Amino acid sequence: MVPILFHVEQVRRETADTLTLTLKPAEGGTTLRFTPGQFNMLYRLGLGEVPISISGDPSRPDRLVHTLRAVGTVTKGLASLRPGEAVGVRGPFGAGWPMEAARGKDVVVVAGGIGLAPLRPAIYHLLARRHDYGRVVLLYGARTPGDLLYRRELERWRGRFDVDVLVTVDRGDAGWRGHVGVVTTLFTRAFFDADDCVAMVCGPEVMMRFTVAELKARGIPDDRIYLSMERNMKCALGFCGHCQFGPVFVCKDGPVFRYDRIKAFFGKREI
Ligand SMILES: Cc1cc2nc3c(=O)[nH]c(=O)nc-3n(C[C@H](O)[C@H](O)[C@H](O)COP(=O)(O)OP(=O)(O)OC[C@H]3O[C@@H](n4cnc5c(N)ncnc54)[C@H](O)[C@@H]3O)c2cc1C
Ligand code: FES
C-alpha cells in the first residue's frame, strides 16, 4: 500500500509540544473514511513514517485531522509542516472503539494526556447520536493545565446538559481553579451504571493500569473495558511483526483491544 498525497490545510498549536494538523487530499485525490479509534501512517517526505491516530470527526472525512506530539525525528518533522506542504498518508488502519457494542449503554471515556486524541472521534460520534446511548461521562487528566488538549472544545462539551465532563491536572498553576489529582481521582464524582456500561480508555500504560483497576472496583467486567495500545510499527499490515503484543498485532488486531483479550500480557514491560 503506497502513501496517498495530502496537503496541510491548517496547523493548530494545542500545547508546547503538541499540535493538530488538518489535511486535505491533493488535487484529484480521494477523502478517507474512518471509524473512531483508527490510525493512519503519516509519511513526512524524506524522514519516514509514523502511526498517528485520527482525531477528527468521522462524519467529516473531507477534513483528515491528526493531533501529534513532537517527540522524535518524524513527529518533529511533521510538526514543522506549514499550510500547503505535502504529507503522505496510508490508512486508515486497525480496529477502533466499540461504538456498536456500546449502543444503549452508559459510556465512560477515560483519557490521559494525548490519549484524548484517539478518543475524540468516539466523543463526536456519541454526541452526534446522543439518543442511541445512555449517560456519557468523560474523565480527562493531563499533567498541567498547559498540557490540556482541545480546551475550547472541552468547555463547549462541559456546557452541554447531556454529557458529564470532568477534568483534572496532576499539578495546578496560579490560574487553575479545577480539580487536582490523577485521573482516577475523578471516579468519585462520576455517575454511571456499572451494570450496563462500556468503558473506553486511552493514555500512558501506567494510567490505563490504574484506570482498569478502578473500573473493575466499580464492578465493570473485563469484557466491557476497551483500551487503545501503542507499539512501534512499520508495515501496519500485519506482515513485519514490529507491533507484536503477546500473540496479537497492534496494527491489525488493535489498536483498540477488549481488556479480557489482552489482560494476560497487558502491563508486561518486555512484550
Ligand atoms: C496506533 C498508534 C497510534 C498513535 N497515535 C498517536 C497520536 O495520535 N499522536 C501522537 O503524537 N503519537 C501517536 N502515536 C505515537 C507515535 O507513533 C510516536 O510518537 C512516533 O512513532 C515517534 O516517532 P518519531 O520518529 O517522532 O520518534 P523516534 O525518533 O522514534 O523517537 C524519539 C524519542 O522519542 C521517544 N518516543 C517515541 N514514541 C514516544 C511516545 N509515544 N511518547 C513519548 N516518547 C516517545 C523514543 O523513546 C525516543 O527516545 C501512536 C502510536 C501508535 C502505535
Ligand atoms: S506493523 Fe508490521 S505487523 Fe504490525
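Up top is the structure these notes are about.
Criteria and thresholds
- Residues numbered from 1 in each chain as written.
- Chains lettered and ligands numbered in written order.
- Predicted model: local features only at pLDDT ≥ 70, side-chain atom pairs only at ≥ 80, totals over all residues.
- Heavy atoms only, no water.
- Helix = DSSP H or I, 4+ residues; strand = E, 2+ residues; numbered from the N terminus.
- Rg over C-alpha atoms; globule rule 2.2 N^0.38 Å.
- Buried < 20%, exposed > 50% of the residue type's maximum accessible area, 1.4 Å probe, protein only.
- Contact = heavy atoms within 4.5 Å.
- Areas by Shrake-Rupley, 256 points an atom, 1.4 Å probe, with all protein chains shown as cover.
- Lys, Arg positive; Asp, Glu negative; His and termini not counted.
- Charge placed at Lys NZ, Arg CZ, Asp CG, Glu CD.
- Near = heavy atom within 4 Å.
- Polar contact = N/O pair within 3.5 Å; in protein donor to acceptor, adjacent residues only side chain to side chain.
- 1 Å grid on protein atoms, 1.4 Å probe; cavity = no way out; pocket = protein on both sides within 12 Å on 5 of 7 lines; lining within 4 Å.
- Sits in = over half its atoms within 2 Å of the grid points.
- Pairing = 2+ DSSP bridges.
- Arc of directions from axis to C-beta.
- Core = buried A, V, L, I, M, F, W, Y, C linked by side-chain atoms within 4.5 Å.
- Points joined across faces, edges and corners; volume = space filled by probe spheres on them.
- Expected span 1.5 Å × (residues − 1).

### Comments concerning the overall build of the protein
1) Next: The helix and strand inventory of the protein stands at six helices and 15 strands.
2) Next: Relative to the globule expectation of 18 Å for 271 residues, the C-alpha radius of gyration of the protein, 18 Å, shows essentially globular dimensions.
3) Next: Across the 271 residues in the protein, those meeting the buried criterion constitute 53%.
4) Next: Sequence separation of at least 24 residues holds for 69% of the intrachain contacts in the protein that already meet a minimum separation of 6.
5) Next: Here the protein has roughly 12500 Å² of accessible surface; of this, 50% comes from carbon and sulfur atoms.
6) Next: Of the side-chain charges in the protein, 38 are positive and 29 negative, and the distance between the mean point of each set is 3 Å.

### Quick notes on the site of ligand 1
1) Next: In the vicinity of ligand 1 lie 18 residues, with Pro 51, Thr 67, Arg 69, Val 74 and Thr 75 positioned nearest.
2) Next: With respect to ligand 1, the backbone of Thr 67 contributes an N or O atom lying 2.9 Å from a nitrogen atom.
3) Next: One of the backbone N or O atoms of Arg 69 is found 2.7 Å from an oxygen atom in ligand 1.
4) Next: Burial of ligand 1 by the surrounding chains reaches 65%, relative to a free accessible area of 910 Å².
5) Next: With respect to the detected pockets, ligand 1 is housed in the largest pocket.
6) Next: Of all elements in the fold, only β4 (48-53), β5 (64-69) and α1 (73-79) reach the threshold of two or more residues within the shell around ligand 1.
7) Next: Of all the elements, β4 adds the most residues to the shell around ligand 1, at four residues.

### Description of the sheet that holds strand β11 (residues 197-202)
Pairing between the strands of a sheet is mediated by backbone hydrogen bonds and can be parallel or antiparallel.
1) Next: If you trace the seven strands from one edge of the open sheet to the other, you get β10-β9-β8-β7-β11-β12-β15, paired in mixed fashion. With one partner strand each, in any of the chains shown, β10 (179-180) and β15 (256-258) form the two edges of the open sheet.
2) Next: Sheet topology note: the strand β7 (residues 106-112)/β11 ladder contains six bridges and is parallel. Following the sheet pairing, Asp 106 is matched in β11 by Cys 197.

### Some words on helix α3 (residues 151-158)
1) Next: If you check which residues of α3 are buried, you get Glu 153, Leu 154 and Trp 157. Looking straight down α3, one finds its buried side chains confined to an arc of 105°; they lie on one side. Among the exposed residues of α3, those pointing more than 90 degrees away from its buried face are Arg 152 and Arg 156.
2) Next: Along its buried surface, α3 packs onto α2 (116-128), β8 (136-142) and β9 (164-169).

### Looking at the side chain of Ser 228
1) Next: Within the element layout of this structure, Ser 228 appears in strand β12 (residues 225-228).
2) Next: Its relative accessible area of 9% is what places Ser 228 among the buried residues.
3) Next: With sequence-adjacent residues up to four places away left out, Ser 228 is seen in contact with Trp 97, Val 201, Cys 202, Met 208, Pro 255 and Val 256.

### A closer look at the nonpolar core
1) Next: Membership of the largest hydrophobic core comes to 38 residues, with the highest contact counts inside it found for Val 110, Leu 139, Phe 192, Leu 227, Met 229, Phe 245 and Ile 262.
2) Next: Every residue in contact with Ile 262, bar those within four places of it in the chain, is listed here: Leu 227, Met 229, Phe 245 and Phe 257.
3) Next: One finds Leu 119, Val 163, Val 165 and Val 198 within the second-largest nonpolar core, a separate group that totals 34 residues.

### Digging into the environment of Tyr 140
1) Next: Following the sequence through the fold, Tyr 140 ends up in strand β8.
2) Next: A polar contact of 3.0 Å, which involves the side chain of Tyr 140, links it to the backbone nitrogen of Leu 149.

### As for the layout of surface pockets
1) Next: By volume, the largest pocket amounts to about 1300 Å³.
2) Next: Every residue lining the largest pocket is counted, 48 residues in all, and those nearest its centre are Arg 69, Ile 114, Gly 115, Pro 204 and Glu 230.
3) Next: Of all elements in the fold, only β4, β5, α1, α2, β8 and α4 (205-217) reach the threshold of two or more residues within the lining of the largest pocket.
4) Next: Of the volumes computed, that of the second largest pocket is approximately 420 Å³.
5) Next: If you trace the second largest pocket, you find 18 residues lining it, with Arg 12, Glu 14, Arg 120, Tyr 150 and Glu 153 closest to the centre.
6) Next: When contributions to the lining of the second largest pocket are tallied by element, the ones reaching two or more residues are β1 (4-13), β2 (18-25), α2 and α3.
7) Next: Per element, the largest residue contribution to the lining of the second largest pocket is four residues, and it comes from α3.

### As for α2
1) Next: Its 13 residues give α2 an end-to-end C-alpha distance of 18 Å, which sits within 8% of 18 Å, the value for a rise of 1.5 Å per residue.
2) Next: Among the 13 residues of α2, 12 are classified as buried, and the element is accordingly described as predominantly covered.
3) Next: Those residues of α2 that sit buried are Leu 116, Ala 117, Pro 118, Leu 119, Arg 120, Pro 121, Ala 122, Ile 123, Tyr 124, His 125, Leu 126 and Leu 127.

This is a description of form; function is not addressed.
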